[in-house]
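Take a look at the letters that make up each chain.
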Amino acid sequence: MSADLGKTIFVAGHQGMVGSAIVRRLNALGFTNVLTRSRKELDLLNQAQVASFFNEHKIDQVYLAAAKVGGIHANNVYPADFIYENLVIESNVIHGAYINGVNKLLFLGSSCIYPKHAVQPMSENALLTGTLEETNEPYAIAKIAGIKLCESYNRQFQTDYRSVMPTNLYGPHDNYHPDNSHVIPALIRRFHDAVQSDKEEIVIWGSGKPMREFMHVDDMASASVYVMNLPFDAYAEHVQPMLSHINVGTGVDCSIRELAEAMAKVTNFKGRLIFDTSKPDGTPRKLMDVSRLQAMGWSASISLYEGLEDAYSWFVKNASSVRG
């Protein structure tokens, strides 16, 4: 990899949790020419701006981590925004890259691409085999389209565009909004506030029995750079032209109760955990089958507890700026 450290790399979405982690990873590995642009500097929804940007810079690789994201509430209220903006971002960046001779691109998707009732653990083969979860169907459809855009350009133009689908991610630069955050940042905020106000108990929705998989975003960044730079023959050995996406996860899940107990330990919360069984549990289990990625030679290295400690430390240092 050292011979390629001077290549020009564009990370789209560098201010988000995943994009910022990819930039950190590239910098740590010694890449010296990483391009980033804020939305004010480059609006990825504007085809002309994207085309001009790619024409201006001789780019070797693109990490497409930019996306419109949000929680269940936002997906329900703004479904048109989610499908439109994500489709346009993907189309502009992927086509702009191709037109300007960028042969290497990595598209980052989401585990929500899989059917609502997919067999657990969810393998890549489950794609397009059933009905999607209703609450985020527009977002999922857009991410599936991104996979198929990459595959279609590969088939027609012999590009090397790859796709990775992460499990539930958490870590630095996560979303801590009280209404739109996911489970780990929501729990970090609640446990931290409970400790600060000396609360004696925390009530958690559901029985605590559902199983979920969580991955630190730095592991996701490591996997992304690994997949991007895997020699083509080694990559092609494990994928098919029309089933080319790769699951990225830990391959290990935990119960919501175990997660809450770990969070209590990380935040030094000494009170009681109350599980409100009158509230819904949701899907009993969501776990990614990561055998394809492991066969390619990469496995996650950050344990859940180690990752939670890092995420909580970052939250404490940045609490004043990340509260919604």
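Scroll up to find the structure this text is about.
As the structure is a computational prediction, the values presented were derived from the model and not from experiment. (Residues numbered from 1 in each chain as written. Predicted model: local features only at pLDDT ≥ 70, side-chain atom pairs only at ≥ 80, totals over all residues. Heavy atoms only, no water.)

**What about the environment of Val-266?**
Considering the arrangement of structural elements, one finds Val-266 in helix H9 (residues 256-267). As for Val-266 and Val-203, which are separated by 63 residues in sequence, their C-alpha atoms are 17 Å apart. Leave out the neighbours within four places in its chain, and Val-266 touches Tyr-305, Leu-308, Glu-309 and Tyr-312. (Helix = DSSP H or I, 4+ residues; strand = E, 2+ residues; numbered from the N terminus. Contact = heavy atoms within 4.5 Å.)

**Quick look at the nonpolar core**
Nonpolar side chains in soluble globular proteins tend to end up buried together. Ranked by size, the top nonpolar core spans 39 residues in total, and within it Phe-10, Phe-54 and Leu-105 carry the most contacts. If you tally residues by element for this core, the top one is helix H5 (residues 137-157), at six residues. Setting aside chain neighbours within four positions, we find Phe-54 in contact with Phe-10, Ile-59, Val-62, Val-93, Gly-96, Ala-97, Asn-100 and Val-102. Counting residues in each nonpolar core, the second largest holds 31 residues, with Ile-9, Tyr-63, Leu-230 and Tyr-235 among its members. (Core = buried A, V, L, I, M, F, W, Y, C linked by side-chain atoms within 4.5 Å. Buried < 20%, exposed > 50% of the residue type's maximum accessible area, 1.4 Å probe, protein only.)

**Topic: the sheet that holds strand E5 (residues 160-166)**
Ordered by their spatial adjacency, six strands build an open sheet running E2-E1-E3-E4-E5-E10, and the pairing between neighbours is parallel. Of all strands in the sheet, those bounded by a partner on one side alone are strand E2 (33-35) and strand E10 (246-248). Direction aside, the axes of adjacent strands within the sheet are offset by 20° on average. Across four bridges, the pairing between strand E3 (residues 61-64) and strand E4 (residues 104-108) is parallel. Bridge pairing in E4 places Gln-61 opposite Lys-104. With respect to the sheet, helix H4 (residues 79-99) is in contact with E3, E4 and E5, its orientation differing from that of E3 by roughly 175°. (Pairing = 2+ DSSP bridges. Axes fitted to C-alpha atoms, helices over the stretch in contact; angles between N-to-C directions.)

**Comments concerning helix H6 (residues 183-196)**
In this model H6 runs 20 Å from its N-terminal to its C-terminal C-alpha over 14 residues, within 8% of the 20 Å that 1.5 Å per residue would give. Those residues of H6 hidden inside the fold are in contact with strand E6 (168-170), strand E7 (201-205), strand E9 (214-216), H9, strand E12 (272-276) and helix H11 (304-322). With its phi angle positive at about 55°, Asp-198 sits one or two positions after the end of H6. (Expected span 1.5 Å × (residues − 1).)

**Some details on the packing of H6 against H9**
Interaxial distance between H6 and H9 falls to 10 Å at its minimum, and their mutual angle equals 45°. Here H9 runs oblique to H6, going by the angle between their axes. Crossing handedness for the pair H6 and H9: right-handed. For the pair formed by H6 and H9, the contact residues are Val-183, Ile-184, Leu-187, Ile-188, Phe-191 and Val-195 on the first element and Leu-259, Ala-260, Met-263, Ala-264 and Thr-267 on the second. Partitioned by chemical class, the residues of the contact of H6 with H9 number 10 nonpolar, one polar and no charged. (Parallel < 35°, antiparallel > 145°, perpendicular 65-115°, else oblique. Left-handed = near helix turned anticlockwise from the far one by under 90°. Nonpolar A, V, L, I, M, F, W, Y, C, P; charged D, E, K, R; others polar.)

**Thoughts on the environment of His-95**
By secondary structure assignment, the location of His-95 is in helix H4. Taking the C-alpha atoms as reference, His-95 lies 39 Å from Met-211; in sequence the two are 116 residues apart. Look past the residues within four positions of His-95 in its chain and what remains in contact with it is Glu-90 and Tyr-153. Polar side-chain contacts of His-95 include one of 2.7 Å to the side chain of Tyr-153. (Polar contact = N/O pair within 3.5 Å; in protein donor to acceptor, adjacent residues only side chain to side chain.)

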